[in-house]
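# Results of the structural survey
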Amino acid sequence: MSYAGRVAARPSRPRRRYAAAPVAALAVGLVVAACGGDEGDAPGGDELSAEGPLTIAWYGSDARNAAVQEVVDIFGGQNPDLVIETQPTTFDGHWDRLSVQASANNLPCVPAMQSRYQTRYEDRGSLMPLEGLIEDGTIDVSGIPEEVVESNRNADGHIYSIPYGIWYEGAVLNLPALESAGVEAPDAGNDWSGYVDWAIAAQPDLGDSFALASQGGSITQFQMWALSQGEDLFADDAAGFSKETLVAWYELWLGAIESGATPPPEIAAEFAGVPTSESMMAVGLTLVSATGDNNASDMQITLDQNGLGAVSMALAPTGGKPQVVGANSWAISENCTNVAAAAEFINFFISSSEGAFILQTQTGLPPATAVAEEMLASADVADSIKERIALYNEILAAGGYVDIWPDGTQALVGQFTTSWEEVMFGQTAPDAAADAFITQVETALSGF
Amino acid sequence: MTAVAARHRPHQVSHRVQRTFIHVGLVSAAFVMSYPLLWMTASAFRPSEQVLVEDSLWVSTPTLENFVNGWTSVAQTSFGTFFLNSLVISALAVLGNVLSCSLAAYAFARLRFPGRRVWFALMIGTIMLPYHVLLIPQYLLFNSLGWVDTFLPLVVPRFLATEAFFVFLLVQFFRLIPKDLAEAARIDGCGHARIFGQIMVPLAVPALATTAAFSFIWSWNDFLNPLIYLTSQGNYTVPIGLALFVDASGTSNYGGLFAMSLLSLLPVIGFFLAFQRLLLDGISTTGLK
């Protein structure tokens, strides 16, 4: 299916992709750029400011921050006259700091954005529209698949951020452990209902292990379930899924617990919130689960330490429907005084294979096709990374797209988990829990 | 006599048993309360990969590797820099709070000036203002002064008696000091400066020590203010440095985290031990809970 066809086939969702299909949005962007003059217009390369230091802010753990700093240092080495100030911190700290900086119109020139958080900064006018810079070639995104760039287009027609790292959640399977138990792996084309059916059938052969880790509290996996039902997480100003879909989700996992195919609530609660390296899958308690592609290697380290098998990633169980991925991206702030250097830095970061080899996908998979292909061909890149890149290519080929969350919806991640825990422990009936969560979604989308 | 002794013996035995039970109970409770701290200490000396899988306090293969890794693992910045930054900020916060809050407290406790009660009520009222209400206006102010990414936003307010809690604490203490002492000094020709410096301050040492101790601990542990105001890694403080070890977006360094957490406790414990006696005096005389 062509890209346009894939877009047309996607279900309705709130802010971009549907409200602004790529071609129409591009036209809107061009008209807006052509009219010029007003605040929020996308600047072109000939009117770029180039004064002051280049401030760059990003998030991550110490190892990841060190790798990004190394790449920034290479860029600094190529631009010896440029003063670069970096602001690395943790993920949570980054957003706390950015929200205060935005209130004072004091954002760093190049702030890192993320697909679940960026809408707030786009909608409040803190970021610079970039399509003018893209069109005149100042920012070169020609190496990134068009659908990935277009996924970032806001409903207002502007593109505010350029992806520098892609992440996705998929199913993870301990194939050696399944094989030694004489159990066939689940079909990758299943939806979650198919996985649960497989788990119930496989459980008698698995001894003390559980076939499947419950995903009842994962909003990302619920989104995959909603996609498999032809729905989504968010619609224009309401939940993008029906109450029946959510009730069916709760009942699916309650049934899995009842049949013994997933760990009982007291064990699941024990493992709630533990790092991926200590999750049920990592310690061999479950043989199939779901996680982010960047976490699979953490699981593998623990499995290796205990000789408990190997983890393989598969597509998210959407029943063959296109799945969503997330993106870390760079933006340029409205208050940036050195847009020329900011654009140059973004170009360097997304296209530098030297940088990509330093990062080793710690900031996500490289969105530039040429860089990803270079990593696939290199003997210096771990097989696990190559597998993740190959699976991402598969996701993209199947119509996968970057999912940008509406503003104010981040808290739903925790609320969804709490909602499931109440259902799991029998404190709330699935029906009532679904009503309550849909209300929470509507409240989040209403901005209160 | 023998009959009386025999009559008392069972009572003494039961009293001893009762005391033994109480002590065993208290020691057990103390152990439970201090278990997280003991576990963190043990984890600091464990190989990093064992940190999250061991819940016992016994370290079978002790190592100092976490201390070395933790000290050097943050890109381009040694953890020593974070310690130095925290020490500078905390020391200045102590100095600022002790100086400015004691002066403000003396004024509220001993001077008569128009609107004193209103100003005191307003000052007390600021204790009830949630910090988040002030966060953005303060940031706008400090940003317009060009103070972001310097220690000034974390230090200068401490010299302006903005910690109403300490002002209140010292006011209460100054009110306990007999007025006769100040009046005698005034008859001898002392002005307010000498009464404050030579009579009130020496008598208020326990309350000032309490102010100093809490200023140090709060400033040392403060996470949000340094996060907002200090943007360069070279200016980060210990709490921000510790947060960098664990992040959902990448592989976490738990060994380094616990090793550096253990080191970060030492100044606080040292401060408490050094001022322990004065701190207890201050708490008991001001009714601080």
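Conventions used here
Residues numbered from 1 in each chain as written. Chains lettered and ligands numbered in written order. Predicted model: local features only at pLDDT ≥ 70, side-chain atom pairs only at ≥ 80, totals over all residues. Heavy atoms only, no water. Patch = residues over 30% accessible without salt bridge, like charges linked within 9 Å, V, L, I, M, F, W, Y side chains within 5 Å. Areas by Shrake-Rupley, 256 points an atom, 1.4 Å probe, with all protein chains shown as cover. Salt bridge = Lys/Arg side-chain N within 4 Å of Asp/Glu carboxyl O. Helix = DSSP H or I, 4+ residues; strand = E, 2+ residues; numbered from the N terminus. Domains from an automatic or database assignment. Contact = heavy atoms within 4.5 Å. Buried area = accessible area lost by both parts, 1.4 Å probe. Polar contact = N/O pair within 3.5 Å; in protein donor to acceptor, adjacent residues only side chain to side chain. Nonpolar A, V, L, I, M, F, W, Y, C, P; charged D, E, K, R; others polar. Buried < 20%, exposed > 50% of the residue type's maximum accessible area, 1.4 Å probe, protein only. Core = buried A, V, L, I, M, F, W, Y, C linked by side-chain atoms within 4.5 Å. Arc of directions from axis to C-beta. Axes fitted to C-alpha atoms, helices over the stretch in contact; angles between N-to-C directions. Parallel < 35°, antiparallel > 145°, perpendicular 65-115°, else oblique. Left-handed = near helix turned anticlockwise from the far one by under 90°. Lys, Arg positive; Asp, Glu negative; His and termini not counted. Charge placed at Lys NZ, Arg CZ, Asp CG, Glu CD.

Among the surface-exposed residues, Leu84, Val88, Leu92, Leu95, Leu99, Phe159 and Leu160 of chain B lie close enough to one another that they form a single nonpolar patch of about 610 Å² accessible area. You can see Leu92 of chain B is positioned in helix α3 (residues 79-110).

Let us look at the domain arrangement of chain A. All names here are of chain A. Domain annotation for chain A reports domain 1 (3-168 + 324-401) and domain 2 (169-322 + 408-446). On the domain 2 side, the residues contacting the 20 residues of domain 1 number 23 residues. Interface area, domain 1 with domain 2, both sides summed: about 1800 Å², of which 54% is carbon and sulfur. The closest approach of N and O atoms between Arg388 and Asp293, which form a salt bridge, is 2.9 Å. At the junction of domain 1 and domain 2, the tally comes to four residue pairs in polar contact (both at pLDDT 80 or more). Elements represented by at least two residues in the side of domain 1 that touches domain 2 include exactly β4 (161-167) and α17 (383-397). The dominant element in the side of domain 1 that touches domain 2, judged by the number of residues it contributes, is α17, at four residues. Class assignment for the residues of the side of domain 1 that touches domain 2 results in 12 nonpolar, three polar and five charged.

Turning our eyes to something else, we now look at the interface of chain A and chain B. The interface is formed by 29 residues belonging to chain A together with 31 residues belonging to chain B. Across the chain A to chain B interface the summed buried area is about 2400 Å²; carbon plus sulfur atoms make up 55%. When the buried area of chain A at its contact with chain B is split by residue, Asp62, Arg97 and Val100 of chain A rank highest and sum to 25% of it. On inspection of chain A and its partner chain B, the count reaches zero salt bridges. At the junction of chain A and chain B, the tally comes to seven residue pairs in polar contact (both at pLDDT 80 or more). Elements that contribute at least two residues to the side of chain A that touches chain B include exactly α3 (62-78), β2 (84-89), α4 (91-103) and α13 (296-306) of chain A. Considering each element in turn, the side of chain A that touches chain B owes the most residues, seven residues, to α4 of chain A. A class-by-class count of the residues in the side of chain A that touches chain B yields seven nonpolar, 15 polar and seven charged.

Further remarks concern unusual backbone geometry. Residues and elements named next belong to chain A. The phi dihedral of Gln360 falls on the positive side, at around 50°, and the residue is not glycine. Within the element layout of this structure, Gln360 appears in the loop between α15 (353-359) and α16 (369-377). One non-glycine residue, Thr361, lies in positive phi territory at about 65°. Following the sequence through the fold, Thr361 ends up in the loop between α15 and α16. Taking relative accessible area as the criterion, Thr361 reaches 5% and is therefore assigned buried.

A separate point is the nonpolar core. Residue and element names in this part refer to chain A. Leu54, Ile139, Ile162, Trp330, Ile332 and Phe345 are the most contacted members of the largest nonpolar core, which totals 76 residues. Among the elements that make up this core, the one with the highest residue count is helix α14 (residues 339-351) (nine residues). Of the residues that make up this core, three or more belong to each of domain 1 (3-168 + 324-401) and domain 2 (169-322 + 408-446). For Ile332, the residues in contact, after removing those within four places along its chain, are Cys109, Pro111, Leu127, Met128, Leu130, Leu133, Ile139, Tyr160, Val339, Ala342, Ala343 and Ile346. Within the second largest apolar cluster, 54 residues are counted, among which are Leu206, Ala314, Val324 and Leu445.

As a further point, take helix α4 (residues 116-125) of chain B. All names here are of chain B. Along α4, the residues that are buried comprise Arg116, Phe120 and Met123. One side of α4 carries all its buried residues, which in axial view fall inside an arc of 60°. For α4, the exposed residues lying more than 90 degrees away from the buried face are Arg117 and Val118. Against the buried residues of α4 lie α3 and α7 (164-176).

Residue and element names in this part refer to chain B. Where α3 meets α4, the closest approach of the two axes is 10 Å, and the angle between their N-to-C directions is 135°. As the angle between them shows, α3 and α4 are arranged oblique. Classified by chirality, the crossing of α4 by α3 is left-handed. Every residue of α4 that contacts α3 at Ala107, Phe108 and Ala109 is listed here: Arg116, Trp119, Phe120 and Met123. Considering only residue class, the contact of α3 with α4 consists of six nonpolar, no polar and one charged.

The next point concerns the packing of helix α8 (residues 179-187) of chain B against helix α9 (residues 192-203) of chain B. Axis angle and axis distance: for two packed helices, these are the angle between their axes and the distance between the axes, and together they describe the pair. All names here are of chain B. Across the interface, α8 lies against α9 with an axial gap of 10 Å and an inter-helix angle of 145°. As α8 packs across α9, the resulting crossing turns out to be right-handed. The segment α8 lies against α9, with Leu181, Ala182, Ala185 and Arg186 engaging His192, Ile195, Ile199 and Leu203. For the contact of α8 with α9, the residue count by class is six nonpolar, one polar and one charged.

A few words now on the environment of Gln229 of chain A. All names here are of chain A. Positionally, Gln229 belongs in the loop between α10 (219-228) and α11 (243-258). Taking C-alpha positions, Gln229 is 9.0 Å from Lys321, a pair spaced 92 residues apart along the chain. Residue contacts for Gln229: discarding those within four places in its chain leaves Asp191 and Thr245.

A word on a positive patch on the surface. A contiguous patch of positive charge on the surface is contributed by Arg112, Arg117, Arg175 and Lys179 of chain B. Mapping Lys179 of chain B onto the fold places it in helix α8.

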